[in-house]
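Architecture at a glance
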Amino acid sequence: MVVRVLPPSSSWTSPFGQTVVMAYISTNPTTGDVVATFENHTESEVEARVALAAKTFLTYRTTSFEDRAMWMRTAAEIFEGELPNIAQVLTEEMGKTFNAARGEVMKCAMTMRYYAEHAEEMLKEEAIASAASRSGVRYDPLGVVLAVMPWNFPLWQVVRFAAPALMAGNVGLLKHASNVPRAALLLEDAFRRAGFPDGCFTNLFLPASRVAALIGDDRVAAVTLTGSEAAGQSVAAAAGHSLKKCVLELGGSDPFIVADSADLDRAVPMAVTGRVQNNGQSCIAAKRFLVVESRYEEFLARFSAEMDALVVGDPMDPATGVGPLVSAQQRDEIAEQVADAIAKGAVVHAGGTVVDGPGFFYRPTVLTKVDASMRAGCEELFGPVAVVEQVRDLDHAIEVANATPWGLGASVWANDQLEQERAIAGIEAGMVFVNAIVASTPELPFGGIKRSGYGRELSSVGIREFCNAKTVFVQ
Ligand code: NAP
């Protein structure tokens, strides 16, 4: 094992007298305590891991779907069999409630089983009639794919890349976020124990500053990033420089539209869930609530009351609705965005304050009268803070929904079929969900447009992103 668990501190003096800055630090956001620290892999350790991945691909690409499916199902069994222990790591490492962590582990296992069962069908050669005796397209794996991943769904973000990619015959290198090292190790260990050959799925403890060079490595065929716009720009630039395939899943400010025909008994509780899921730190969380005049007062009153009633506290406690933000920095960022809005005239209907005491807690918050001069009116709110805005009618809602640089998902609440169709056609986003909050599921493509990124994950569209769609023509 090249990674050592070290005493918690931001730097460490090696036995050879060198000061090693440790980049991978696991901090419990409920207490603020550092739980474990890991040093970055050295250049030679990275070289050995990349070389192994490249070598493994040469044989792994020829393995049968049957063998890959067997290993993938075993990985699912590991996740299911060790569910409470794995979930606890997530809660301790990034603060999501234990209930949410259990759900994430189960979703990973379900997705592994889904791709074990369906990948072969998704990738089978397609016949296309032409002048040839046989012609069409087949899907061959690309090779070593680098996955740069965020901390907010530390297992799910990785599995939604890895399950399809490994089933397609690719091998994966993981550069996980520097605050979720235990999740990274857990994933590598689970795939190895499941029986995947060594080198199929490899964790790299790598600082972000070394990602671009790795993308340029000839042995890396493609890269996928889930994360911020800044990271997306940097990864896309490196991929562009070396002309490599790149998929980007970036941020968003998803609208939640309440139309005239909405059923508020269903919409209000889902608005709350949509905003505070994962303690508010989800790319597809509903962030802007656009409510037509006729429903505005009732929606605002009920939504604010339900947000206010949420229990904020220990994420291990089943009664808790909202746990801590991932870090003091993330908590301070959301507090500053709200303070800036209030100073410029926004009105608070719930929350609006940091929770005193240890840990990085912020109260679920509802704001109105937010405009584009405020940070909350033009930045992504990555915490439990909702902006509610009154709009004239559905057409106005669609216009406001589209007036952002992002286009990830949108949730529309309408029972009238004509209203549903207008919203589906009019909204500029990668995903429109009607009478449901936006969610990822293994059967459907996931991804955005505009500054929310490009390319898709999941489904037959996602699994083919890292395949060579090879044209076959036999005369
Ligand atoms: P982040 O800072 O971009 O980190 C994501 C990953 O990128 C981490 O592994 C990070 O490594 C790495 N990274 C950061 N800067 C980089 C650079 N210049 N070059 C290469 N790699 C770099 O994102 P975050 O703040 O942790 O996550 C929140 C953001 O991700 C939000 O905007 C959210 O909406 C978005 N997100 C999008 C989706 C989606 O599916 N569309 C899903 C989840 C989150 P270090 O940790 O070492 O810095």
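Counting starts from 1 at the beginning of each chain's written sequence and moves along it residue by residue. In keeping with the predicted nature of the model, local features appear solely for residues at pLDDT of at least 70, side-chain atom pairs appear and are counted solely at 80 or more, and the whole-chain, interface and lining totals rest on all residues. Excluding hydrogens and water, the side-chain figures rest on all heavy atoms present in the structure.

**Quick look at the overall build of the chain**
Threshold: By definition, any uninterrupted DSSP run of H or I lasting at least four residues is a helix, any uninterrupted run of E lasting at least two residues is a strand, and each is numbered from the N terminus. Atoms counted for the radius of gyration: C-alpha only. Globule rule: 2.2 Å times residue count to the power 0.38. Residue exposure (1.4 Å probe, protein chains only): buried if accessible area is under 20% of the type maximum, exposed if over 50%, otherwise partly exposed. Throughout, a contact is declared for two residues whenever any of their heavy atoms are within 4.5 Å. Note on areas: these come from Shrake-Rupley sampling with a 1.4 Å probe, and a residue is covered only by the protein chains present in the view.
Looking only at helices and strands, one finds 15 helices and 22 strands in the chain. Computed over C-alpha atoms, the radius of gyration of the chain comes to 23 Å, within 12% of the 23 Å expected from 2.2 N^0.38 for 475 residues, which places it in the range of a compact globule. The C-alpha extent of the chain, read off along each of the three principal axes, is 70 × 65 × 40 Å. Scored against the burial criterion, the 475 residues of the chain give a buried share of 57%. Contacts in the chain between residues at least 24 apart in sequence constitute 71% of all its contacts with a sequence separation of at least 6. Of the roughly 18800 Å² of accessible surface on the chain, a fraction of 54% belongs to carbon and sulfur atoms.

**Observations concerning the sheet that holds strand β5 (residues 126–127)**
Here is the rule: Strand pairing is assigned whenever DSSP identifies at least 2 bridges connecting the two strands.
Read across the sheet, three strands follow the order β5-β6-β22 without closing on themselves; strand pairing throughout is antiparallel. Edge positions in the sheet fall to β5 and β22 (467–474), since each has one partner strand and no second.

**Some details on the pattern of salt bridges**
Note the following rule: Within this document, salt bridges are pairs made up of a side-chain nitrogen of Lys or Arg and a carboxyl oxygen of Asp or Glu, the two lying within 4 Å of each other.
Tallying each qualifying case throughout the model produces 28 salt bridges. Arg464 is paired through a salt bridge with Glu126; the nearest N and O atoms lie 3.0 Å apart. One end of the pair, Arg464, is in the loop between α15 (459–463) and β22; the other, Glu126, is in strand β5, and 338 residues separate them in sequence. You can call Arg464 partly exposed: its relative accessible area is 25%. The residue Glu380 makes a salt bridge to Lys287 at a minimum N-O spacing of 2.9 Å. Taken as a pair, Glu380 in the loop between α12 (375–378) and β16 (385–391) and Lys287 in strand β13 (residues 286–292) lie far apart in primary sequence, 93 residues in all. For Glu380, a relative accessible area of 23% translates into the label partly exposed. The exposure class assigned to Lys287 is buried, which follows from its relative accessible area of 1%. One network of salt bridges, in which partners are shared, links Glu82, Asp189, Arg192 and Arg193.

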